[in-house]
Amino acid sequence: MDLTHRPRRLREDRVRELVSETSLEPADLIAPVFIDATTAERQPIESMPGHERVPIEDSVARVEEVLETGVEAVMLFGIPESKDAKGTRAWAEDGVVQEATRRITAETDAYVITDVCLCEYTEHGHCGTLEPGIRETETGSREDPSLTVDNDATLESLRKTAISHAVAGADMVAPSSMTDGMVGAIRDELDGEGFDDVPIMSYAAKYESAFYGPFRDAADGAPAFGDRRHYQMDPANAREAMREVRLDVKQGADVLLVKPALPYLDIVADVRREFEQPVAAYNVSGEYAMLHAAAEKGWLNLEETARESLLSIKRAGADLILTYFAEDIAEQLR
Ligand SMILES: [Zn+2]
């Protein structure tokens, strides 16, 4: 028996930190914030304990709460006062994200990233304009389930949305619709309007995942019919993720995001290995909700499992992590 090699030597308390390979810092974390133009009061989100939709008037106060924990970046999602077929409130100058962005950037030092998508703004809840000829029926279903979003028409809406966020003061825009060509279209629009210094964090590999459930409560963005499998990625595919990411890199993506995180750590690691850009991972609402649910039953320790989750995402190769645990974990880390 050869016991020359004993890895346990380095697990002693005074040395384990010295040899630790991965560290988690509040500065790695981005807190999602939901701004709701339909409410005058903060609304708790039932399936995401501790999170609320806040009215525009409370947007600065909400972001200040985040900053106090040591987290320096927020991702804004908007719930508009009204929805229509094309999602026109997504690019309205007085839209919910635009208004909140103006206030937050004027009054705080937060780094403001905005979600650029249409699903919260369209009455059908899909991430773009529907293909010609597709109509919602009275029952909320439609004739041909093989068709969904008109890719190229949606690019136009994404351009307008991204530029309206930049004009309002967004520090970074984050297109999340998995529309082919979205990064190039937004880069072109931003550069053409003099916003060449605004980076794009692309949801480069976003999977059609069942782990998004609670977010749809939060952002009121569940599709009224069908699902998003015709534009988001098939959970079975890993090579396709590399192709998706490569296309976004060619179009000028500055940060490459993988969503969800925990069930897709192999993808995070692959993107880290293949590309030089910073990698982000989105620890999604379902990943948050399931730990809370188990902790409520006394089956898991919430703090420890949350921290271990984020550490594993970092270890897999993510430089930044979007997470609903951002504030809690940042406070623990301080
Ligand atoms: Zn969307």
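The name given to the protein chain in an unreviewed UniProt entry is Delta-aminolevulinic acid dehydratase, and the organism recorded there is Natrialba taiwanensis DSM 12281. Word for word, the UniProt comment on the protein chain under Sequence similarities (unreviewed entry) is "Belongs to the ALAD family." Here the protein chain is described in UniProt, under the heading Subunit (unreviewed entry), as follows: "Homooctamer."

Here we come to the UniProt feature "binding site: Zn(2+)" (unreviewed entry) in the protein chain. Mapped onto the present numbering, the UniProt feature "binding site: Zn(2+)" (unreviewed entry) falls on Cys117, Cys119 and Cys127. Looking at the element boundaries, Cys119 is found in the loop between strand E5 (111-116) and helix H4 (151-168). Positionally, Cys127 belongs in the loop between E5 and H4. What Cys127 contacts, discounting residues up to four positions off in sequence, is Cys117, Leu118, Cys119, Val149, Thr154, Ser177, Thr179, Arg228 and Tyr231.

This part is about the coordination of the zinc ion. The zinc ion binds to the protein through Cys117 (SG), Cys119 (SG) and Cys127 (SG); the donor distances cover 2.2 to 2.3 Å. Taking relative accessible area as the criterion, Cys119 reaches 7% and is therefore assigned buried. Residue Cys127 is classed as buried on the basis of its relative accessible area of 1%.

It is worth spelling out the nonpolar core at this point. The biggest cluster of nonpolar side chains holds 93 residues, and the ones touching the most others in it are Phe34, Met75, Met201, Ile267, Val271 and Tyr282. Each residue touching Phe34, except ones within four places of it in the same chain, is listed here: Ile45, Met48, Glu52, Arg53, Val54, Phe77, Ile79, Phe215, Ala218, Ala219 and Tyr324. Cys119, Cys127, Val149 and Tyr231 belong to the second largest nonpolar core, which has 5 residues in total.

This part covers H4. Here H4 is 18 residues long and its end C-alpha atoms lie 26 Å apart, about the 26 Å a rise of 1.5 Å per residue gives. Among the residues of H4, Thr154, Leu155, Ser157, Leu158, Arg159, Thr161, Ala162, Ile163, Ser164, His165, Ala166 and Ala168 are the ones counted as buried. Lining the buried residues of H4 we find helix H3 (96-107), E5, strand E6 (172-175) and helix H5 (182-192). Two to three positions downstream of the cap, the backbone nitrogen of Asp152 sits 3.4 Å from a side-chain oxygen, assigning the N-cap of H4 to Asp150.

Okay, the pattern of salt bridges next. Taken as a whole and assessed by the stated rule, the structure comprises 20 salt bridges. Among the ionic pairs, Arg89 bridges to Glu81, the shortest N-O distance being 2.5 Å. A salt bridge links Glu99 to Arg103; its shortest N-O distance comes to 3.2 Å. In this pair, Glu99 and Arg103 are both assigned in helix H3, 4 residues apart and thus about one turn of the helix distant. Relative accessible area serves as the criterion here: at 22%, Glu99 is assigned to the partly exposed category. Judged by its relative accessible area of 27%, Arg103 falls in the partly exposed class. A single network of salt bridges, built from pairs that share partners, joins Arg42, Glu52, Asp58, Arg62, Glu65 and Glu327.

Mapped onto the secondary structure, Tyr324 falls in the loop between strand E10 (320-323) and helix H11 (326-333). Exposure remark for Tyr324: the relative accessible area of 2% places this residue in the buried category. For the pair Tyr324 and Phe34, spaced 290 residues apart in sequence, the C-alpha to C-alpha distance is 11 Å. Residue contacts for Tyr324: discarding those within four places in its chain leaves Pro32, Phe34, Met48, His51, Phe215, Tyr282, Asn283, Val284, Ser285 and Tyr288.

Because the α-helix completes a turn every 3.6 residues, residues three or four places apart line up on one side. Relative to the 16 Å expected for 12 residues at 1.5 Å per residue, helix H9 (residues 285-296) spans 16 Å between its end C-alpha atoms, a close match to the ideal helical length. Taken together, the buried positions of H9 are occupied by Ser285, Gly286, Glu287, Tyr288, Ala289, Leu291, His292 and Ala294. Those residues of H9 hidden inside the fold are in contact with helix H6 (213-219), strand E9 (279-283) and helix H10 (302-316). In the segment just after H9, Gly298 is the residue with positive phi, at about 80°.

What follows is about the pairing of E5. In terms of residue burial, E5 counts as a mostly covered element, since 5 of its 6 residues are buried. Pairing of strand E4 (residues 73-79) with E5, which is carried by 4 bridges, proceeds in the parallel orientation. Across the sheet, Val74 pairs through a bridge with Val112, a residue of E5. Between the parallel elements E4 and E5, the chain passes through H3 in a crossover that is right-handed.

So, on to a nonpolar patch on the surface. A cluster of nonpolar side chains, namely Leu10, Leu18 and Val19, defines an oily patch on the protein surface of about 300 Å² accessible area. Relative to the helices and strands, Val19 is located in the loop between helix H1 (13-16) and strand E1 (29-36). Residue class for Val19 comes out partly exposed when judged on its relative accessible area of 38%.

UniProt annotation of "binding site: 5-aminolevulinate 2" (unreviewed entry) refers to Ser285 and Tyr324 when read in the numbering used here. These annotated residues cover 40 residues of sequence, and their C-alpha atoms lie no more than 7.1 Å from one another, placing them together at a single site. Beyond its immediate stretch of four places on either side in the chain, Ser285 contacts Met48, Phe211, Tyr212, Gly213, Pro214, Phe215 and Tyr324.

Rules behind the numbers
- Residues numbered from 1 in each chain as written.
- Predicted model: local features only at pLDDT ≥ 70, side-chain atom pairs only at ≥ 80, totals over all residues.
- Heavy atoms only, no water.
- UniProt positions renumbered as here; feature names shortened; annotations may be inferred.
- Helix = DSSP H or I, 4+ residues; strand = E, 2+ residues; numbered from the N terminus.
- Contact = heavy atoms within 4.5 Å.
- Donors = N, O, S within 2.8 Å, 3.2 Å for Na, K, Ca; no water.
- Buried < 20%, exposed > 50% of the residue type's maximum accessible area, 1.4 Å probe, protein only.
- Core = buried A, V, L, I, M, F, W, Y, C linked by side-chain atoms within 4.5 Å.
- Expected span 1.5 Å × (residues − 1).
- Polar contact = N/O pair within 3.5 Å; in protein donor to acceptor, adjacent residues only side chain to side chain.
- Salt bridge = Lys/Arg side-chain N within 4 Å of Asp/Glu carboxyl O.
- Pairing = 2+ DSSP bridges.
- Right-handed = clockwise from strand over helix to strand, strands pointing away.
- Patch = residues over 30% accessible without salt bridge, like charges linked within 9 Å, V, L, I, M, F, W, Y side chains within 5 Å.
- Areas by Shrake-Rupley, 256 points an atom, 1.4 Å probe, with all protein chains shown as cover.

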